[in-house]
Each structure stands twice: as C-alpha cells, then as structure tokens.
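One-letter residues, chain by chain:
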Amino acid sequence: MIPYGRQSIDEDDIAAVEQVLRSDFLTQGPMVPKFEAAVAAFCGAEHAVAVNSATSALHIACLALGVGPGDCVWTSPITFVASANCALYCGATVDFVDIEPDTGNMCVDALKVKLEAAALNGTLPKALIPVHFAGQPCDMVELSSLAGKYGIKIIEDASHAIGAQYKAQHIGSCAYSDITIFSFHPVKIITTAEGGMALTNDAALAHKMSALRQHGIVKDCAELQDKSQGPWYYEQHSLGFNYRMTEIQAALGLSQINKLNHFIDRRHVLADHYDDRLAGLLLTPLRRKADRFSSFHLYVVSLPEGGGPLSRKAVFEALREKAIGVQVHYIPVHLQPFYRSLGFKAGDMPCAERFYETAISLPLFSAMGQDTQNEVIAALESVFA
Ligand SMILES: *Cc1c(COP(=O)(O)O)cnc(C)c1O
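Computed from a predicted model, the values in this text were never measured in an experiment.

1. Brief notes about helix α2 (residues 31-43)
Point 1. Spanning 13 residues, α2 covers 18 Å between terminal C-alpha atoms, matching the ideal 18 Å at 1.5 Å per step.
Point 2. For α2, the complete set of buried residues consists of M31, V32, F35, E36, V39, A40, F42 and C43. Here the buried residues of α2 occupy an arc of 165 degrees about the axis, which is enough to place them on one side.
Point 3. Trailing α2 by a residue or two, G44 shows a phi angle of about 80 degrees, which is positive.

2. Quick notes on the nonpolar core
Point 1. Of all hydrophobic cores here, the largest spans 50 residues; its most connected members are V39, L111, F182 and L199.
Point 2. Per element, the largest residue contribution to this core is 7 residues, and it comes from α2.
Point 3. Look past the residues within four positions of V39 in its chain and what remains in contact with it is I162, F182, M197, L199 and I257.
Point 4. Counting residues in each nonpolar core, the second largest holds 47 residues, with A82, A92, I179 and F344 among its members.

3. Observations concerning unusual backbone geometry
Point 1. The amide bond that connects H329 to the next residue, Y330, takes the cis arrangement and shows omega of -5 degrees.
Point 2. As for its position among the elements, Y330 is in the loop between α10 (312-321) and α11 (337-340).
Point 3. In this structure, C174 takes a positive phi of about 60 degrees despite not being glycine.
Point 4. When you line up the elements, C174 lands in the loop between β7 (169-170) and β8 (179-183).
Point 5. Among the residues examined, C174 registers a relative accessible area of 6% and is labelled buried.

4. Remarks on the packing of α2 against helix α8 (residues 247-257)
Point 1. Packing of α2 against α8 brings their axes to within 8 Å, and their N-to-C directions diverge by 30 degrees. Here α8 runs roughly parallel to α2, going by the angle between their axes. Regarding α2 and α8, the two cross each other, and that crossing is left-handed. Residues M31, V32, K34, F35, A38, V39 and F42 of α2 form the contact with α8, whose participating residues are E247, A250, A251, G253, L254 and I257.
Point 2. Among the residues making up the contact of α2 with α8, the classes are represented as 10 nonpolar, 1 polar and 2 charged.

Analysis parameters
Residues numbered from 1 in each chain as written. Predicted model: local features only at pLDDT ≥ 70, side-chain atom pairs only at ≥ 80, totals over all residues. Heavy atoms only, no water. Helix = DSSP H or I, 4+ residues; strand = E, 2+ residues; numbered from the N terminus. Expected span 1.5 Å × (residues − 1). Buried < 20%, exposed > 50% of the residue type's maximum accessible area, 1.4 Å probe, protein only. Arc of directions from axis to C-beta. Core = buried A, V, L, I, M, F, W, Y, C linked by side-chain atoms within 4.5 Å. Contact = heavy atoms within 4.5 Å. Axes fitted to C-alpha atoms, helices over the stretch in contact; angles between N-to-C directions. Parallel < 35°, antiparallel > 145°, perpendicular 65-115°, else oblique. Left-handed = near helix turned anticlockwise from the far one by under 90°. Nonpolar A, V, L, I, M, F, W, Y, C, P; charged D, E, K, R; others polar.

Below, the structure written as structure tokens:
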C-alpha cells in the first residue's frame, strides 16, 4: 500500500538519535532547547516551547491565554479533533466556523457574520483556532483584524504548515496571532515520532507554557515566593502537566529541520505534477491563493458531486483495491458522535459537510519517488477511464 503520508528518515537522523542514546541525557538535556531555538529561528518567532504532541501544545496554548470555564473557543470543522478538544480540556465550550469550500480553510465571511451575532448576544469567543488546512495558510490578515476588533486571541493550528509562508513570512512567525502550534507526528512535514511545539512572540505566554509543560513548576530564583531555601528548592505555581519532549525526539527534530526546505520543495514538485496530470480527470484540487506558499502536507482533491461510479466511496474503494492508500481529511468534527452528544448536528456547517462528501487525499510525502507517484496517477486514470 502506498500511504497517503509517511516520514522521511535518513542516516543523519538515525545517527542523531543514536548519539543521544549514548549521551547522559535522555530527557531534560541540551537537545530540546537547541531544537526550540532552531524552529524559532526558522520561523522568525521569539519563543518556542517544545512538547510531546501538538495536542498538548494546543492545550497549554489555550490555558496560557486564559481559556477556562465560561469561555468559548471557535475553530474549523474541517480539522483533526484535537483542534476542538483542547477547548474542552480547559473547561470551555467549543463552536465552529464554516469553511471556504475551495480551500478548506476557515471562511472569513462566515466568521464575520458569526461574530456580529455573537457580539449582539454576548457570546463572543475568547480564542479562535484557525487551521492551515493541507498546509495552505488561512487569510490571516482578515482573521487577525476581526479578532482584534472583537478582542479575541488567535492560536494558529499549523500542524500541517511548518515551512509554509504567508505574505513572505514563515508560518510560525506569529505575525498575525498570539501563538502558533506545530505537530511532528510522522505523517506531518517533519517528525519527532510524537511531538509538537508552541511558538509566540510574547515572553509572558512562553513563560506560562513552559511552566504548564512541567507540572506548573518554577525553579528560577527570581520567581520563587520563598527565596530563603536552597539550591534544591522549587515551587509549583500552577496546575501543569508532564508534556515534556524527550532528548531523543528533539535530536530527531533538529536533524529533520535541516531538511525542511528540501522536504517542502519535493512536496511542491509532486503537487505540481499531480496538478498537471490530473487536470483532465474531473478532480478539483484545492484552490491555491495568492500571497501564500503551501507546505503541501496533503494533496486533497474534490470528486464530482452526485455519486454513482465516481462517488467518493466508490473511488476510495477502487483506489484502496489498487493498493493506493488514499485517505479522507476530515470527517467534520461537529459530526463526531462525541460532538453530536454536545448538541451539534448535520446541517450546522453546510460547506464543511459538502466538502467532506467529495474530498479525498492522494498520497503525498517527501520521500515519494516519481515512479510511485506515476503508479498513483495510473491507478486514478484507470478508475476514471
Ligand atoms: C495532527 C494534527 C493535530 C494533532 O497533532 P499531534 O501531534 O498528533 O497531537 C492537531 N491538529 C491538526 C490539524 C492536525 O493535523
């Protein structure tokens, strides 16, 4: 089976991990701060906090922004469930903003309408979590100007988008947000096996997130309430977690980030080739917008609406039959049984629901060779013949 995504690991990555295994520190050593500094420098952000997953990063990002009981967080329904779950972890509620049908990103017009209504009845959200779907940045200028107008914080869920650019700045610069989070799961652009990171230009937010990743404990003498103890002394100031990234993961990430630009180039070559070869096949790729550069985490196409032999289910099954590991991104989060149990229902997010009906993700990963991509294209041509 040709997977829809997978890691790209070379001998340098293996050597980097082996070196850590032979070193003094498997956790809480020098590699995590080095990896944080490398990602922050690449993205042009001032602070970076590495954690054990993007899900953890979303959780501590929400907490650092003060999300709690009585608050609401809005995100996109076309995302992985973690983008919504993080609000519930904090005791807040979640709601969704419908998508733009041709990019899968949060729709600015839908957001504007929803904000106007929420302002009137006093239900404005505390934070907005836009998701850079498939690696293409959202309309951040518009989203941040609306958030500014209503006093709402922004967390960019950039799990798909390390290496992407918006108006000539890397995603992660936080030029239009309070915090940006990345995922380093193996299907994403670079990997640490499991891992994530939260970036920000706000020192106070970075400080809060660092404490939350580590039980809420502070050790820096200047911050201690009781400065009279000794060198062993630490204090717990908030209720945090153990969300630490290990040295093994950080060493792998540091080795991977050296190859990030190469990975992105390779993904673009493959995406362009799909665009060219699939143009005649009734498949519509996501619209590429001006002013931005996708990281192409996913290559998502829409099938014709209407069903029959070219329905999504029929095409999905025919391709899986031919060992092409297509996938669907995403089942709208509000339609998950858990979210239905909170009161969401079919019809709440019409654009997302329609998008889901016809979307299919074709295999795309940086280690994918031209021959492998040609196999995928040949399989599609035979299904559509
Ligand atoms: C993968 C992903 C996450 C979760 O990432 P983990 O590192 O697996 O926790 C969150 N949001 C989106 C959009 C993702 O694709």
